[in-house]
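A look at the structure
Residues per chain, in single letters:
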Amino acid sequence: EKRRALITRAVTRGLDPRAPLRDSGIPWLGEIPAHWEAVRLKFLATEPLSYGANEAALEDNPAFPRFVRITDVDPTGNLRDETFKSLPPEVAEPYLLRDGDVLFARSGATVGKAFIYKPTWGAACFAGYLIRCRCNAMRLLPDFLYAYTQTETYWGQVGEGTIQATIQNFSAEKYADLVLPVPAVDEQSRIVAHIAAETAKLNSLRSATERTIALLSERRAALIAAAVAGKIPLS
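This write-up is about the structure you can find in this document.

Cut-off values and rules
Residues numbered from 1 in each chain as written. Predicted model: local features only at pLDDT ≥ 70, side-chain atom pairs only at ≥ 80, totals over all residues. Heavy atoms only, no water. Helix = DSSP H or I, 4+ residues; strand = E, 2+ residues; numbered from the N terminus. Buried < 20%, exposed > 50% of the residue type's maximum accessible area, 1.4 Å probe, protein only. Contact = heavy atoms within 4.5 Å. 1 Å grid on protein atoms, 1.4 Å probe; cavity = no way out; pocket = protein on both sides within 12 Å on 5 of 7 lines; lining within 4 Å. Points joined across faces, edges and corners; volume = space filled by probe spheres on them. Pairing = 2+ DSSP bridges. Core = buried A, V, L, I, M, F, W, Y, C linked by side-chain atoms within 4.5 Å. Phe/Tyr/Trp six-rings, centres within 6.5 Å; stacked < 30°, edge-to-face > 60°. Axes fitted to C-alpha atoms, helices over the stretch in contact; angles between N-to-C directions. Parallel < 35°, antiparallel > 145°, perpendicular 65-115°, else oblique.

Inspection of the secondary structure puts Phe64 in the loop between β4 (50-51) and β5 (66-68). Residue class for Phe64 comes out partly exposed when judged on its relative accessible area of 22%. Between the C-alpha atoms of Phe64 and Leu87, which are 23 residues apart in sequence, the distance is 5.9 Å. Setting aside residues no more than four positions away along its own chain, Phe64 makes contact with Glu59, Phe84, Ser86, Leu87, Pro88 and Pro89.

Right, here's the structure in full:
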């Protein structure tokens, strides 16, 4: 909760608490810094948002491009090694990912979930239940867009626009119409760096807390076992 609040604040209000604000004209977005814009995602992309390959995930050839599905993405935004699947190069070619491509889940329980592709994962393409956005780097940094997908504002838009049929659905057209609060690219870069630094601190704190909980759980189990075995004097 603290992580999401931190990101929401940085991405929708910026880093300067003294910056003058103005009404964005959008009820669920509210006020944004006066020098920012409120822009639909389709005007910040280099091409229309597109769907992936409607292919079965049958191959697991490591020499082929990885076939990315939303279920391959873990809670930290990384790809799971154990779910690796691939597509033959000739099938994958129209759907190959580039550095900074952002993928959105369009249906089911994961609708709204996002993933940003980095070349360190190797050649990859994406599945049909995903939607690809290629940012115009002159106006929108992929990492800023990905950070926006972690905010309460983003999830409010997705929740409001989701179609309830037999399954939840959020189309490419709906993603294209999402409104983002957009500062200049250099300010976006500073915000992304700030988020990375602050969330790293939260991650360290979380790891330390989890280690403490594990040790306390072991201590509790040992005390119970000793008590049941009569090894703890009662007086």
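What follows deals with the layout of surface pockets. Put simply, the second largest pocket is a space of about 170 Å³. Lining the second largest pocket, in full, are Trp28, Arg40, Gln157, Glu160, Gly161, Phe170, Lys174, Asp177, Leu178 and Val179. Tallying contributions element by element places helix α4 (residues 152-161) first for the lining of the second largest pocket, with three residues.

Reading across the sheet, the four strands line up as β4-β9-β6-β7 and stay open at both edges, with antiparallel pairing between neighbours. Of all strands in the sheet, those bounded by a partner on one side alone are β4 and β7 (114-116). Strand direction decides the pairing type here: strand β6 (residues 102-105) and strand β9 (residues 130-133), joined by four bridges, are antiparallel. Note on β9: the bridge partner recorded for Ala105 is Leu130.

Moving on: the nonpolar core. One broad trend across soluble globular proteins is that nonpolar side chains are buried collectively. In terms of nonpolar packing, the biggest core is built from 39 residues, with Leu49, Phe104, Leu145, Tyr175 and Leu180 touching the most fellow members. Beyond its immediate sequence surroundings of up to four residues, Leu49 is in contact with Leu41, Ile131, Arg132, Cys133, Ala172, Tyr175 and Ala176. Judged by nonpolar contacts, the second largest core, of twelve residues, contains Leu97, Ala105, Phe115 and Leu130.

This part takes up the packing of aromatic side chains. For the coordinates displayed, the defined rule picks out six aromatic pairs. Seen in terms of ring centroids, Tyr95 and Phe126 are 6.2 Å apart; in terms of plane orientation they differ by 80°. Their pairing is edge-to-face. Remark: Phe126 occurs in strand β8 (residues 124-126) and Tyr95 occurs in the loop between α2 (89-92) and β6; sequence separation between them is 31 residues. A residue is classified by how much of its surface remains accessible, and Phe126, at 0% relative accessible area, is buried. Ring geometry for Phe115 versus Trp121: centroids 5.2 Å apart, planes at 40°, classification tilted. Here Trp121 falls in the partly exposed class, since its relative accessible area comes to 28%. By way of ring pairs, the aromatic residues Phe104, Phe170 and Tyr175 are connected into one cluster.

So, on to the packing of helix α1 (residues 2-13) against α4. It is at 8 Å that the axes of α1 and α4 come closest, and there the two elements cross at 90°. Our classification of the angle between α1 and α4 gives roughly perpendicular. Within the contact between the two elements, α1 uses Arg4, Ala5, Thr8 and Thr12 and α4 uses Glu152, Thr153 and Trp155.

The subject of this paragraph is the environment of Gly161. By secondary structure assignment, the location of Gly161 is in helix α4. Separated by 74 residues in the primary sequence, Gly161 and Leu87 have C-alpha atoms spaced 32 Å apart. Gly161 has contacts with Asn169, Phe170 and Lys174, leaving out every residue within four places of it along the chain.

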